[in-house]
Amino acid sequence: MFDNLLPNAPGWPGHRARWTSSAKEGVGTAVSPNSRVWFTHSHGIVNEVYYPRVDRACIRDLGMIVTDGREFFSEEKRDAKVKIAYLADGAPAYRVTNICRQGCYIIEKELLTDPEREVFLQHTRFHATQGRLEDYQLFMLLAPHLGNRGAGNTAWLGEYKGMPMMFAMRDGIALAVASSAPWLACSAGYVGFSDGWQDLKRDKRLTHCYRRAENGNVALTGQVDLLGAAAGFTVAIGFGHTIHEAAHRAKASILDGFDAAKEEYLRQWQTWQDSLLPLDHDHVHHQNVYRAGTAMIHTHGAKNFPGAVVASLSIPWGMAHGDDNLGGYHLVWPRDMVETTAGLMAAGASDLALRALRFLQTTQEADGHWAQNMWLDGTPYWDGIQMDEAALPILLVDLAYREQMITDAELSGFWPMVRRSACYLVQNGPVTQQDRWEEDSGYSPFTLAAEIAALLVAADMAEGHGETREAQYLRETADLWHANLDRWIYARDTELARRVGVEGYYVRISPEQPDGDSPLKGIVTVKNRPVEQSLEAAANLVSPDALALVRFGLRAADDPRMVNTVKVIDALLKVDLPPGPCWYRYNEDGYGEHADGSPFDGVGIGRAWPLLTGERAHYELAAGNTDEARRLLLAYEKFANGGGLLPEQVWDADDIPERELYRGKPAGSAMPLVWAHAEHIKLLRSLRDDRVFDMPPQTVERYLVQEQTSHRGFWRFNHKLRELDPGKSLRVETLAACTVRWSDDGWRTWHDSNCQDTGLGVYFVDLPVAELPLGAAVDFTFFWSQADRWEGENFTVRVASET
């Protein structure tokens, strides 16, 4: 059938490649590791198919066009109303029904992957609702973007063992498209110039059929024989490292038949769902958001890198992103992965806990931290470092052990990972290089809470391994940082506090001052103008991140400081939307669409996050307000889309229909956000158990029950304390062995104190200065024994005066 083709398509290299909408309505893959193919769909068509890894997109989209060969032209993703249904509860296989807005046709599609091989399958039935079947022509359009790139793809027409197929290849990845119904005509072309869409839009039929489009942004078009497929037909897209491998898989799936693949696909998913806890409840959404959520998290897991979970199989505002500005979420963020793994643990998915911890163990950097985000093989994508991402894996180990998902022997096996992470925390904390939203550095309540909790967990593990010296230091450091929380992040008597009518509140992030300290009282005492301005700005920024102080067990929910903070959060960040209350990440957030609804392009306006409704519900549960927590749960579920998927952000302004933005509905950022699904699952578990599922017991016991405090201040080169609270001793910490020469009388006399080795890469000296009078100064310097040199600079810490 490919004998009378034009040889090479014109228009090289095609339009600049772009991705597509992130507003996914479904995401799917087989449970079986034999099927390393993932797909997403929205607007009635398939978009973004991934192979051979969950971080490698290979198709931009796969849709259909209907014509009559003369005048009628209808593109299903633009010209049809869409209905979505799951083929079985909790199984990410979908029936998509597209109903022509002009009443001419109905297209029914079932979407899944072959559990036995690396093939995406779409079974289609076409119904003519006006006229006869023979009045219509049906065309399939596919845009290959192999290996995360739209440029540099080559597409052509050919056959495999006598079966006509369409092919594409780039950089060692190949796809082959086969159909159970005959192709009547096919073409390969360059997007925007010679692709089938241009031909069909202009002539309503394929008038120029090209054999090959080389090294560009290409598209494949195939006309299906509708009369030969009245009962439906299956399109199989096989993948492989060679064309023959891809073609073999596609043909084998066609021969096995769609029904056999569907039966096995659903059986595997139902078996896995049956292994989970029955956290289903009387939900308000027409989908079971719990089962959709567990499927979403499992679907985002890697198969050839067991345990890894990417943040989202979507590219936020993908239509504005190309090859060199991917912006995709199909990466591993260690923070998101810990949260999502904990969500599956809350659902009872014990089979995944050990694999996730093994992945973290494998990808930990030599110094103990994890990359800010990374590809599945551990290659960093961004170059940032975040302290909470070094702390959270420690908490995941502890949670897995408490949930009896790892054994004593396995716990012991993770101690080297925990130890390295704890070393990194004590050597580089408490200041975070960036907050949990990857934007600012300084003192952040979420990061501080994660760090302190992780140090206590690590202390318990150290003690269990006979490292009592290390355990003591870890607990003392946790106590020190815990005792400084208010100094670093609690703002008092500000204009905002007076406006809301509270004494003070926890800020979003407190910037590190040039001298390394960051007391928010510096708003009025620091005379260096830039610092004063930065602190004033920090005092006006708040975030629901402060709720982490309760979630991680550092503050009681009814602590007056927390109650005050919640009042400020609600005054500035709460928005009431049709589904219910939602919250912004922080005031002045710039990550979201512009006011006119145009995509985020480096600047924008932050929109509301359903995830934060879940976090607020957990706070209410911790405060004993169970009814309010349940009310927020129902609101949380209403933010899900028609497929039960939870978005990263929802639109918070007046409707903009032409941009598909509706108040309270998903905005253009990531969807689904698997972290949002994990938070929903954890909330269901927390409500069932009447306690916050992932709250560390170590912090609760030490700080809420025992009310442990610290009688020290601390100085280190990344935290150069200026003022010491009266009655406290001073701990001086370094990252190398030294002798501290110090004086408390202006160097009239001095003392030499040798440092102690913590065994964790930190050395310290405790200076006995608790009896010094108000306003007295402690001066000190360092002799570095290994380098045989003096520091060459003196440092001063002054005992604070009463104010």
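Numbers given for residues are sequential positions, taken from 1 along each chain in its written order. Given that the model is predicted, a residue must reach a pLDDT of at least 70 before its local features are reported, and side-chain atom pairs must reach 80 or more before they are shown or counted; all residues, however, enter totals for whole chains, interfaces and linings. The basis for every side-chain value is the complete set of non-hydrogen atoms in the structure, without hydrogens or water.

(A) Region of interest: the side chain of Glu-679. Secondary structure is summarised from DSSP: a helix means a run of H or I of at least four residues, a strand means a run of E of at least two, and numbering begins at the N terminus for each. With respect to the element layout, Glu-679 can be found in helix H21 (residues 674-689). Only protein chains enter the accessibility calculation, which uses a 1.4 Å probe. A residue is then buried if its area is under 20% of the maximum for its type, exposed if over 50%, and partly exposed in between. The class for Glu-679 is buried, based on a relative accessible area of 1%. Excluding residues that lie within four positions of it along the chain, Glu-679 makes contacts with Arg-551, Leu-611, Gly-614, Glu-615, His-618 and Tyr-636. Throughout, a residue-residue contact means that at least one pair of heavy atoms, one from each residue, lies within 4.5 Å.

(B) Seen up close, the sheet that holds strand S13 (residues 163-170). A pair of strands is treated as paired once DSSP finds two or more bridges between them. Within the open sheet, the 10 strands sit side by side as S1-S16-S12-S13-S14-S18-S10-S9-S8-S7. Their pairing is mixed. Sheet topology places strand S1 (6-8) and strand S7 (80-88) at the edges, where each strand pairs with a single neighbour. Sheet twist, expressed as the mean angle between neighbouring strand axes with direction ignored, is 20 degrees. Here S1 pairs with strand S16 (residues 210-216) via two bridges, running parallel. Residue Leu-6 lies in a different strand from S16, and its bridge partner there is Tyr-210. Between N-to-C directions, angles span 0 to 180 degrees; the directions come from axes that are lines fitted to C-alpha atoms, helices contributing only their stretch in contact.

(C) Inspection of the nonpolar core at higher detail. One finds Leu-175, Ile-237, Tyr-505 and Phe-552 to be the most contacted residues of the largest nonpolar core, which totals 245 residues. Counting residues per element, this core draws most heavily on helix H11 (residues 445-464), which supplies 14 residues. The residues touching Ile-237, leaving out its near neighbours within four places in the chain, are Ile-59, Leu-62, Glu-118, Val-119, Phe-120, Leu-142, Leu-175, Ala-176 and Val-177. What we call a nonpolar core is a set of buried Ala, Val, Leu, Ile, Met, Phe, Trp, Tyr and Cys residues that are connected through their side-chain atoms within 4.5 Å. If you look at the next biggest cluster of nonpolar residues, it comprises 22 residues, including Trp-742, Val-765, Leu-772 and Val-797.

(D) Molecular detail of unusual backbone geometry. Look at the link from Trp-12 to Pro-13: it is a cis peptide, with omega at 0 degrees. On the secondary structure map, Pro-13 appears in the loop between S1 and strand S2 (26-28). In this chain, Tyr-51 is followed by Pro-52 through a cis amide linkage whose omega measures -10 degrees. Within the element layout of this structure, Pro-52 appears in the loop between strand S4 (45-50) and strand S5 (57-67). With a phi angle near 60 degrees, Glu-48 is a residue other than glycine that sits in the positive phi range. Examined against the element boundaries, Glu-48 turns out to sit in strand S4. Residue Glu-48 is classed as buried on the basis of its relative accessible area, which comes to 0%. The backbone of Glu-588 shows a phi angle near 70 degrees, a positive value even though the residue is not glycine.

(E) Focus on the pattern of salt bridges. Whenever a carboxyl oxygen of Asp or Glu lies within 4 Å of a side-chain nitrogen of Lys or Arg, that contact is scored as a salt bridge. Counted by the stated rule, this structure contains 60 salt bridges. A salt bridge links Arg-202 to Asp-203; the shortest N-O distance between them is 3.3 Å. You can call Asp-203 partly exposed: its relative accessible area is 26%. For Arg-702, the salt bridge is made with Asp-479, and the minimal N-O distance between the two is 2.8 Å. Note that Arg-702 is positioned in helix H22 (residues 697-705) and Asp-479 in helix H12 (residues 468-483), a separation of 223 residues in sequence. Across the pair, Asp-479 and Arg-702 agree in class, each one buried. Put simply, Asp-486, Arg-492, Glu-503, Arg-555, Asp-559 and Arg-561 are held in one network by salt bridges that share partners.

(F) Region of interest: the packing of helix H8 (residues 387-402) against H11. It is at 8 Å that the axes of H8 and H11 come closest, and there the two elements cross at 45 degrees. Between H8 and H11, the angle falls in the class oblique. Once H8 is placed against H11, the crossing between them reads as left-handed. For the pair H8 and H11, contact is made by Met-387, Asp-388, Ala-391, Leu-392, Ile-394, Leu-395, Val-397 and Asp-398 and by Phe-446, Thr-447, Ala-450, Glu-451, Ala-453, Ala-454, Val-457, Ala-458 and Met-461, respectively. Here is the rule for angles: anything less than 35 degrees is roughly parallel, anything more than 145 is roughly antiparallel, 65 through 115 is roughly perpendicular, and the remaining ranges are oblique. By the definition used in this description, the sense in which the near helix is turned from the far one sets the handedness, with an anticlockwise turn below a right angle giving left-handed and a clockwise turn giving right-handed.

(G) Representation of H21. Compared with the 22 Å implied by 1.5 Å per residue over 16 residues, the 23 Å span of H21 between its first and last C-alpha is a close match. Counting buried positions over the 16 residues of H21 gives 14, a clear majority of the element. Looking one or two residues beyond H21, the residue adopting positive phi is Asp-690, at roughly 60 degrees. Helix span, expected: 1.5 Å multiplied by one less than the number of residues in the helix.

(H) Quick peek at the sheet that holds strand S28 (residues 756-757). Read from one edge of the open sheet, four strands run S23-S25-S29-S28, paired in mixed fashion. Looking along the sheet, the strands with just one partner apiece sit at the ends: strand S23 (712-715) and S28. Sheet topology places S28 next to strand S29 (residues 763-767); two bridges connect them, and they run antiparallel. Bridging from a neighbouring strand, Asp-757 pairs with Tyr-763 of S29.

(I) Looking closely at the packing of H11 against H12. At a closest axis distance of 8 Å, the pairing of H11 and H12 adopts a crossing angle of 165 degrees. As judged from the angle between their axes, H11 and H12 are roughly antiparallel. Like other packed secondary-structure pairs, H11 and H12 cross with a definite hand, here left-handed. Contacts from Glu-451, Ile-452, Leu-455, Leu-456, Ala-458, Ala-459, Asp-460, Ala-462 and Glu-463 of H11 reach H12 at Glu-470, Ala-471, Leu-474, Arg-475, Thr-477, Ala-478, Trp-481 and His-482.

(J) Expanded view of the packing of aromatic side chains. Between rings of Phe, Tyr and Trp, where Trp is taken as its six-membered ring, a pair exists when centres lie within 6.5 Å; planes separated by under 30 degrees are stacked, by over 60 edge-to-face, and by other angles tilted. Under the counting rule described, the total for this entry stands at 34 aromatic pairs. On the numbers, 5.7 Å between centres and 85 degrees between planes, the contact of Trp-333 with Trp-382 is edge-to-face. Here Trp-333 is found in the loop between helix H5 (289-299) and helix H6 (334-346), whereas its partner Trp-382 is found in the loop between helix H7 (350-363) and H8, with 49 residues between them in sequence. Taken together, a centroid distance of 5.3 Å and an interplanar angle of 80 degrees make the contact between Trp-375 and Tyr-381 edge-to-face. Using a relative accessible area of 14% as the deciding quantity, one classes Trp-375 as buried. The class of Tyr-381 is partly exposed, set by a relative accessible area of 33%. One aromatic cluster is present, formed by Trp-715, Phe-717, Phe-780, Phe-782, Trp-784 and Phe-795 through successive ring pairs. Criterion for a charge above a ring: Arg CZ or Lys NZ at most 6 Å from the ring centre, at most 35 degrees from the ring normal. Residue placement shows Arg-56 over the ring face of Trp-375; its charged tip is 4.8 Å from the ring centre. The ring of Trp-38 carries Lys-303 above its face, with NZ or CZ at 5.3 Å from the centroid.

(K) Structural view of H5. Burial runs high along H5: 11 of the 11 residues are buried. Of the positions making up H5, those classed as buried are Val-289, Tyr-290, Arg-291, Ala-292, Gly-293, Thr-294, Ala-295, Met-296, Ile-297, His-298 and Thr-299.

(L) Fine view of the pairing of strand S22 (residues 580-583). Sheet analysis places strand S21 (residues 574-577) next to S22, joined by four bridges and oriented antiparallel. Across the sheet, the residue bridging to Asp-576 is Pro-581, located in S22. If you look at the hairpin formed by S21 and S22, you'll find two residues sitting between the two strands.

(M) How the structure looks around the side chain of Ser-598. Assignment of secondary structure puts Ser-598 in the loop between S22 and helix H19 (610-622). For Ser-598, a relative accessible area of 15% translates into the label buried. What qualifies as a polar contact is a pair of N or O atoms within 3.5 Å, subject to a donor-acceptor requirement within protein and to the restriction that residues adjacent in sequence count only when both atoms come from side chains. Within polar-contact distance, the side chain of Ser-598 engages the side chain of Asp-596 at 2.6 Å. With near-sequence residues (within four places) excluded, Ser-598 lies in contact with Glu-593 and Arg-659.

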